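Fold and geometry: a report
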Amino acid sequence: MELKTFGNKDTRSGFGEGLRLLGETNPDVVALCADLTGSLKMDAFQKNHPDRFFQIGIAEANMIGIAAGMTIGGKIPFTGTFANFSTSRVYDQIRQSIAYSRKNVKICASHAGLTLGEDGATHQVLEDIGMMRMLPNMTVVVPADYNQTKAATEAIADYEGPVYLRFGRPVWPIFTKEEDFVIGKAQQLSEGTDVTIFACGHLVWKAVEAGRILEEKGISVEVINIHTIKPLDEEAIIKSIQKTKCAVTCEEHNVLGGLGDSIAQVAARNCPIPIEYIGTNDTFGESGKPAELLVKYGLDTPHIVAAVEKVIARK
């Protein structure tokens, strides 16, 4: 499996760069932040367009309400804070003020999953994909690297309706091309016949690493980047599992309600197959270094390799 890399950079910086470019090209885009401008890399937009940037402070529910109101005047609000505060803290406001009435708000959520690291369980949201995909009218996007996050940020500005965009804190390999990103269209990174690995976010790269190891063992692996959790590319999923007859799903999220359950629902309706899940096992996180947390909670490359070998044995 050969994928060219283009250096390393955090996905939140991809969001910041995408937002900066939108500031230059789309005068309807406005940005709101809940006292985390630097962490969300929204500084450039704030500096270049101070009249279109709104610092709401530590008042996330108020930020969501203001953003919903701005859409009535034709603005395209991008809200920014940590993923936990973008969802759990304001779920009622998102449901009632945005999703219910299809408000054109872009909820941009950084520092998602275990790789937030040292800030610990109170900040490491592992339930947000499930929460947001269950909301009617909500689109859910979880890009894999800097380039894809930048492309997704620009794309959602032209996408009518509420969007949840999830990205992260750590520096991560860059391996996608911006032009390959299309909302709702899965990205196939390798072709294989023995097993399909479906992944999103940071774990796409871990899936690629696992694929290389497995190929050295003579196992033919198909790696598919499901960057859009909703709407799901069911056609691509069905086509792949009909060929490989088994799958492993990988996400920096609880195994309950996220990418794995999305894939399993498609499989159950169309092509029942053995599936193994890589994700946190119905637990909260803890404080620690990001890489060490991925190992402890079973979200690293060797665990994906083991899951593939297990699911193939179940065929």
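Up top is the structure these notes are about.
So, here's what we can say about the structure. The residue numbers shown here count from 1 along each chain, following its written sequence. Selection of residues for local features in this predicted model requires a pLDDT of at least 70, selection of side-chain atom pairs for listing and counting requires 80 or more, and totals for whole chains, interfaces and linings are taken over all residues. No hydrogens and no water enter the side-chain calculation; it runs on all heavy atoms of the structure.

In this section: the nonpolar core. The biggest cluster of nonpolar side chains holds 44 residues, and the ones touching the most others in it are Met-138 and Ile-226. In DSSP terms, a helix is any run of H or I states spanning at least four residues, a strand is any run of E spanning at least two, and both are numbered starting from the N terminus. Top element by residues in this core is helix α3 (residues 60-72). It accounts for five residues. We call a set of buried residues a nonpolar core when its members are Ala, Val, Leu, Ile, Met, Phe, Trp, Tyr or Cys and they connect through side-chain atoms within 4.5 Å of each other. For the exposure calls, accessible area comes from a 1.4 Å probe over protein chains only, and a residue counts as buried if that area is under 20% of its type's maximum, exposed if over 50%, partly exposed in between. In this structure, Ile-197, Ile-219, Cys-250 and Leu-299 belong to the second largest nonpolar core, which totals 33 residues.

To continue, consider the packing of α3 against helix α5 (residues 91-99). Between N-to-C directions, angles span 0 to 180 degrees; the directions come from axes that are lines fitted to C-alpha atoms, helices contributing only their stretch in contact. Axis separation between α3 and α5 bottoms out at 9 Å; the angle between their running directions is 5°. As far as their axial angle goes, α5 and α3 are roughly parallel. Every residue of α5 that contacts α3 at Ala-61, Ile-64 and Ala-68 is listed here: Gln-93, Ile-94, Ser-97 and Ile-98. Class assignment of the residues belonging to the contact of α3 with α5 gives a composition of five nonpolar, two polar and no charged. Small angles under 35 degrees read as roughly parallel and large ones over 145 as roughly antiparallel, with 65 to 115 read as roughly perpendicular and the rest as oblique. Residue contacts are counted whenever heavy atoms from the two residues lie within 4.5 Å of one another. Amino acids outside the nonpolar list (Ala, Val, Leu, Ile, Met, Phe, Trp, Tyr, Cys, Pro) and the charged list (Asp, Glu, Lys, Arg) are all regarded as polar, and Gly is one of them.

So, on to the pairing of strand β2 (residues 29-33). Here β2 lies mainly inside the structure; five of its five residues are buried. Here β2 shows no split at all, with Val-29, Ala-31 and Cys-33 on one side and Val-30 and Leu-32 on the other all buried. Note on pairing: two strands pair once DSSP finds at least 2 bridges between them. Across five bridges, β2 lies against strand β4 (residues 76-82) in parallel orientation. Residue pairing across strands places Val-30 opposite Pro-77, the latter belonging to β4. Examined bridge by bridge, β2 and strand β3 (residues 53-55) share three bridges and lie parallel to one another. Opposite Leu-32, over in β3, you have Phe-54 as the bridge partner. When the strands point away from the viewer and the path from the first strand over the helix to the second turns clockwise, the crossover is right-handed. Remark: the β2/helix α2 (residues 43-48)/β3 crossover connection has right-handed handedness.

The sheet built from seven strands is open, its strands ordered β3-β2-β4-β5-β7-β6-β12 with mixed pairing. Looking at the sheet topology across the chains shown, the edges are occupied by β3 and β12 (228-230). This sheet shows a mean twist of 20° between the axes of neighbouring strands, independent of strand direction.

Once that is clear, we can look at the pairing of strand β7 (residues 163-166). Side-chain alternation along β7 places Val-163 and Leu-165 on one buried face and Tyr-164 and Arg-166 on a second face that is also buried. Where strand β6 (residues 139-141) lies against β7, three bridges are found, and the strand directions are parallel. The residue bridging Thr-139 from the neighbouring strand is Val-163, located in β7. Assessed by its sense of winding, the connection that carries the chain from β6 through helix α7 (residues 146-157) to β7 is right-handed.

Right, let's talk about the side chain of His-253 for a bit. Relative to the helices and strands, His-253 resides in strand β13 (residues 247-254). Pairing of N or O atoms within 3.5 Å defines a polar contact, subject to two protein rules: one partner must be a possible hydrogen donor and the other a possible acceptor, and residues neighboring in sequence count only if both atoms are side-chain atoms. Within the structure, the side chain of His-253 is placed 3.3 Å from the backbone oxygen of Leu-126, a separation counted as a polar contact. Residues in contact with His-253, not counting those within four places in the same chain, are Leu-126, Glu-127, Asp-128, Ile-129, Gly-130, Arg-166, Gly-258, Gly-279 and Thr-280.

A word on the sheet that holds strand β14 (residues 275-280). If you walk across this open sheet you meet the five strands as β9-β11-β10-β13-β14, and the pairing is mixed. Both edges of this open sheet fall to β9 (187-188) and β14, since each of them pairs with a single strand only.

Right, let's get into the packing of aromatic side chains. Each Phe, Tyr or Trp ring, with Trp reduced to its six-membered ring, pairs with another whose centre is within 6.5 Å; inter-plane angles below 30 degrees give stacked pairs, above 60 give edge-to-face pairs, and intermediate values give tilted ones. Following the criterion strictly, the structure yields three aromatic pairs and no others. Judged by centre distance (4.9 Å) and plane angle (25°), the rings of Phe-15 and Phe-167 are stacked. Within this pair, whereas Phe-15 is found in helix α1 (residues 11-25), its partner Phe-167 is found in the loop between β7 and β8 (171-173), the two being separated by 152 residues in sequence. Judged on exposure class, the residue Phe-15 and its partner Phe-167 are both buried. Geometrically, the ring pair formed by Phe-175 and Trp-205 is tilted, given 5.0 Å between the ring centres and 40° between the ring planes. Separated by 30 residues along the polypeptide, Phe-175 in the loop between β8 and β9 and Trp-205 in helix α8 (residues 203-216) bring together distant segments of the chain. Residue classification places Phe-175 among the buried residues on the basis of a relative accessible area of 4%. Only lysine NZ and arginine CZ atoms are considered, and such an atom sits over a ring when it is within 6 Å of the ring centre and within 35 degrees of the ring normal. Note that Arg-89 overlies the ring of Phe-85, its terminal NZ or CZ placed 4.2 Å from the centroid.

A word on helix α9 (residues 234-244). Along α9, the residues classified as buried are Ile-237, Ile-238, Ser-240, Ile-241 and Thr-244. As for α9, its buried residues are in contact with β10 (195-199), β11 (221-225), β13 and α10 (259-270). Count one or two residues on from α9 and you reach Lys-245, which has phi positive near 70°.

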